[in-house]
Each structure stands twice: as C-alpha cells, then as structure tokens.
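# Coordinates in review
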Amino acid sequence: DAVVVAMLCVMCVVVALANWLSVRTALQSNVDARFALRTSAATDKLSIALTAYRDALHGASDLLSATPKPGDARWMDYVKGMKLSERLPGLTSFGKCERSGGDIVRTSGYSPSGESVLGTRDRVRLPSGPDVRERLFASATVSGTPPSLVFLTSKGPSPDCTYAIANVDTLVHAAIGP
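Right, let's talk about the overall build of the protein chain for a bit. Scanning the protein chain from N- to C-terminus turns up four helices and six strands. Ordered by position in the sequence, the α and β elements of the protein chain form the string α-α-α-β-β-β-β-β-β-α. Buried residues in the protein chain amount to 29% of all 178 residues. Accessible surface, the protein chain: about 11,100 Å² in total, of which carbon and sulfur atoms supply 61%.

Residue Lys83 is not a glycine yet carries a positive backbone phi of 50 degrees. Inspection of the secondary structure assignment puts Lys83 in the loop between helix H2 (72-82) and helix H3 (84-87). Exposure remark for Lys83: the relative accessible area of 48% places this residue in the partly exposed category.

Quick look at the state of the cysteines now. In protein structure, a disulfide is the covalent linkage between the sulfur atoms of two cysteines. In the structure shown here, the tally under the stated rule is one disulfide. Looking at Cys9, it has no disulfide partner, and the nearest cysteine sulfur is the one in Cys12, 6.4 Å off. Among the residues examined, Cys12 registers a relative accessible area of 54% and is labelled exposed.

Quick look at the pairing of strand E6 (residues 160-167) now. Looking down a regular strand, the side chains alternate between one sheet face and the other. Of all eight residues in E6, seven are buried, a share of seventy percent or more. Alignment of strand E1 (residues 91-100) against E6, held across seven bridges, turns out to be antiparallel. Counterpart to Lys96 in the pairing with E6 is Thr162. Note that strand E5 (residues 148-153) and E6 share six bridges and pair antiparallel. Each bridged residue has a counterpart across the sheet, and for Thr153 the counterpart in E6 is Thr162.

A few words now on the side chain of Ser93. Mapped onto the secondary structure, Ser93 falls in strand E1. The class for Ser93 is buried, based on a relative accessible area of 0%.

Rules and cut-offs
- Residues numbered from 1 in each chain as written.
- Predicted model: local features only at pLDDT ≥ 70, side-chain atom pairs only at ≥ 80, totals over all residues.
- Heavy atoms only, no water.
- Helix = DSSP H or I, 4+ residues; strand = E, 2+ residues; numbered from the N terminus.
- Buried < 20%, exposed > 50% of the residue type's maximum accessible area, 1.4 Å probe, protein only.
- Areas by Shrake-Rupley, 256 points an atom, 1.4 Å probe, with all protein chains shown as cover.
- Disulfide = S-S within 2.5 Å.
- Pairing = 2+ DSSP bridges.

In structure tokens form, the structure reads like this:
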C-alpha cells in the first residue's frame, strides 16, 4: 500500500513538473515574440526618421549642385520652405558646409532654436576612414551637452557639403515613443 501511495505522489510531482515546464516554455516564447515584434517596430520607426534626414540632405545637396553658390537668402528660403523642424525630429542644426582637410566647416546654417551650431567654432572633425560622400557619425559631446548625430552628404569632388545635426534623445523619443 505504501509503495502505491508513494508512486502516486511521485507521478503527481512528475505531472506537475511537466506542466510547469510547459507553461514556463510557452510564457517565455510569448515574451520573446513580443520583444521581437517591439524591437522590429522600433527599428522600422527609427529607420523612417533617419531616412527623412537623408532625404532632406540629398535635396539640399541637389540644390547646391544645381545652383552655383546659392546665396544665404535663397538657402534660408529653401530651408524654411522644407519645414525641416516639423519633418526632422530632434533637429538641432541644418546647413551648408565645406570640407577642409579632416574637418567640416559651416558656411551657412539654420537651427529651429536660433543657434546654428556645428561643433566648436562652427567646425566638426570628421572621423578617420575612407573618404566617402555620405556619412552618419556621433559627434564628440562636451560635458553637459546632449549626444548628437551628424549627418553629412556631398556630391562630386567639390568640397561643398550639407549637414544636419540631431539630438539623439529627441530623435529616438520622437521616432519610437516613450
């Protein structure tokens, strides 16, 4: 009799353990699937925001290529007409620049806050690497300033280029949400 009762108890424990493992596996699979779905959605939203920056820069670069040295008034009309502060989340600065050695130097800029900032003394050091016409890099931040992304594009061998600077926190928050 005692052996039968012990066997029944062991069988109940085995069934309970198998049930617990089954439920745990199903719950973990659900958590993993939700995580994959959320990260995929966040990646897609962030990609859309970054593409908006790229498209705006290409449009500005096309203007620079089509118009020999457009004046500041025409440049500002173009920038204001594009409504960049509405289209580009986290926009800190957008402007024309020239490559000068390992730096890019602002020649004209727009900022929704009124400060056309491009690094220290309107210069940003390019990261080392092959000379490419299109770049996205994190700017070196000064203590107390928010992290930024610098978008840079140019056409042809000309030193003229266009840039956009985005506040990373604002860009991510606007693109993905809280």
